[in-house]
Amino acid sequence: KKDIGLKWDFINKRTVAIDKGRNSKLYSYLEWSPIFKKVYQKIELKNISKNTVQHYKDIYDLNKNKFGIEKTIRFIKELKEKSLEFNAKFTIIIFPIIYWTQESYEFQESQDNFIKLLKENNIEYIDMTSIWRKYTQEELWVHPVDQHPNDFAHGLVSREINKLLR
């Protein structure tokens, strides 16, 4: 937890940047040894990724964020009721977090729990997970440092919406 002079650099392709002024001794080791620097950056990147994944899992964990999840479901139910006033169709589109390997999706359990709540509250939904998982995450990203859905991913969503409206 000690400040050792590293900072996360989103601009430079998911690398760890070294701030000389915060820890000059560490900086001298990293400057002296490119191999040590690469190893250290990999370790930091892995730790940051692990923390980010856990953060998102906690958001959808009923034990850790019951208030937030209940508030979200209430809000969705209010939107559904409002749409019924206008005789409009109401459907939630679930955009998975675009972070997976071909074998596993870290957030499947969290997403399944959220879908269960939607079902319990009679809320129609489209889950893009199975459709997007046919592709690599890189094919769906805006950019390597911006993992939001790109135009191709949104095109897949629009096809699903068209199916629903037909």
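All of the points below concern the structure found in this document. (Residues numbered from 1 in each chain as written. Predicted model: local features only at pLDDT ≥ 70, side-chain atom pairs only at ≥ 80, totals over all residues. Heavy atoms only, no water.)

### A word on the packing of aromatic side chains
The description of two aromatic rings rests on the distance between their centres and on the angle between their planes.
Part 1: Per the counting criterion, the structure on display carries five aromatic pairs.
Part 2: Pairing Tyr 56 with Phe 107 gives two aromatic rings, centres 6.2 Å apart and planes at 85°, and the pair type is edge-to-face. Of this pair, Tyr 56 sits in helix α2 (residues 34-59) while Phe 107 sits in the loop between β3 (92-94) and α4 (108-120); the two residues are 51 residues apart in sequence, bridging distant segments of the chain.
Part 3: Take Tyr 56: its relative accessible area is 33%, and that puts it in the partly exposed class.
Part 4: Here the aromatic rings of Tyr 135 and Phe 152 are separated by 5.0 Å at their centres, their planes lie at 85°, and the arrangement is edge-to-face. (Phe/Tyr/Trp six-rings, centres within 6.5 Å; stacked < 30°, edge-to-face > 60°. Helix = DSSP H or I, 4+ residues; strand = E, 2+ residues; numbered from the N terminus. Buried < 20%, exposed > 50% of the residue type's maximum accessible area, 1.4 Å probe, protein only.)

### Some words on unusual backbone geometry
Part 1: Here the phi dihedral of Asn 87 falls at roughly 55°; this positive angle occurs in a residue that is not glycine.
Part 2: Take Asn 87: it is sitting in the loop between α3 (62-85) and β3.
Part 3: Overall, Asn 87 belongs to the exposed group, its relative accessible area being 74%.
Part 4: Its identity is not glycine, yet Asn 122 carries a phi of approximately 55°, on the positive side.
Part 5: Summarising the element assignment, Asn 122 is placed in the loop between α4 and β4 (125-127).

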